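Fold and contact review
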Amino acid sequence: MSLAEMKVHYVETVKDAEDFLRWLGERRPESTIAIDTETSGLQWWTPHFLRMVQFGDSEQGWSVPFKWWGGVVKQAMDYVVKSDMRVVMHNAKFDMHALESAGLSLPDWRRVEDTVVLDHLLDSGRPHSLKEVAARLFGQEAKAGQALLKQDMQKHGWT
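It is worth spelling out the confidence of the model for the protein at this point. Confidence in the prediction of the protein, expressed as mean pLDDT, is 86, and 93% of residues score 70 or more. The least confident element of the protein is helix α5 (residues 130-138), whose mean pLDDT is 73; the most confident is helix α1 (residues 14-25), at 97.

Taken residue by residue, a regular strand's side chains alternate between the two faces of the sheet. The side-chain alternation of strand β5 (residues 86-89) yields one buried face, formed by Val 87 and Met 89, and one unburied face, formed by Arg 86 and Val 88. When strand β2 (residues 32-39) meets β5, the two strands line up parallel, connected through 3 bridges. Paired with Ala 34 across the two strands is Val 88, which belongs to β5. Across 3 bridges, β5 lies against strand β6 (residues 112-114) in parallel orientation. Paired with Val 88 across the two strands is Glu 113, which belongs to β6. For the handedness criterion, the β-α-β arrangement of β5, helix α3 (residues 92-101) and β6 is classed as right-handed.

Moving on, we come to the sheet that holds strand β3 (residues 50-56). Read across the sheet, 6 strands follow the order β1-β4-β3-β2-β5-β6 without closing on themselves; strand pairing throughout is mixed. A strand with exactly one partner marks an edge of an open sheet, and here the two such strands are β1 (7-10) and β6. Here the average twist between neighbouring strands, direction ignored, is 20 degrees. Where β3 and strand β4 (residues 60-65) come together, 5 bridges link them in antiparallel fashion. Each bridged residue has a counterpart across the sheet, and for Gln 54 the counterpart in β4 is Ser 63. The strands touched by α3 are β2, β3, β5 and β6; relative to β2, the strand with the most contacts, the crossing angle is about 70 degrees. Packed on one face of the sheet, helix α4 (residues 115-122) meets β5 and β6 and runs near 45 degrees to β6.

Attention shifts here to the packing of aromatic side chains. One pass over the full model with this rule turns up 5 aromatic pairs. Relative to Trp 62, the ring of Trp 23 lies with its centre 6.0 Å away and its plane at 40 degrees, an arrangement referred to as tilted. Taken as a pair, Trp 23 in helix α1 and Trp 62 in strand β4 lie far apart in primary sequence, 39 residues in all. Residue classification places Trp 23 among the buried positions, given a relative accessible area of 5%. Since its relative accessible area comes to 5%, Trp 62 is described here as buried. On the basis of an interplanar angle of 65 degrees and a centroid distance of 6.1 Å, the ring pair of Phe 49 and Phe 94 is categorised as edge-to-face. Here the residue Phe 49 occupies a position in the loop between β2 and β3, and Phe 94 occupies one in helix α3, the gap between them amounting to 45 residues. Among the aromatic residues, those joined into a ring-pair cluster are Phe 20, Trp 23, Phe 55 and Trp 62.

So, how was this worked out
Residues numbered from 1 in each chain as written. Predicted model: local features only at pLDDT ≥ 70, side-chain atom pairs only at ≥ 80, totals over all residues. Heavy atoms only, no water. pLDDT = per-residue confidence, 0-100. Helix = DSSP H or I, 4+ residues; strand = E, 2+ residues; numbered from the N terminus. Buried < 20%, exposed > 50% of the residue type's maximum accessible area, 1.4 Å probe, protein only. Pairing = 2+ DSSP bridges. Right-handed = clockwise from strand over helix to strand, strands pointing away. Axes fitted to C-alpha atoms, helices over the stretch in contact; angles between N-to-C directions. Contact = heavy atoms within 4.5 Å. Phe/Tyr/Trp six-rings, centres within 6.5 Å; stacked < 30°, edge-to-face > 60°.

Structure (structure tokens):
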């Protein structure tokens, strides 16, 4: 599946939230799910630090604004932890801290794969940003995802 064929969802309505939780519920313990956080910066002690949590697999991605759908994110994280799924994060230390600062359940570290650490192990002398790693591993199309994201953000008025 190409990046352009990925289904990306933004949770805005109760139906969106239900669809997201249904999708998540179809994941099994042997599944791998990617989780990413978007924050207001680096000051984790400030109000509304956690802005958004994104969940995805190889076919779909879900962006869930924490301010409006915090209960849905809590339910999702509780399910991820309870089902003992394998979780992939890029810079897991930061993302886990962002989730923890919002009072959310955290996956057991033994179930978390941190792609920034893995990339450092492969070659410590190159850039390790998510976009750079994705472009190296999957080609420039992966980096083009930023343009698709900006296009969707403008189209829907997202920040």
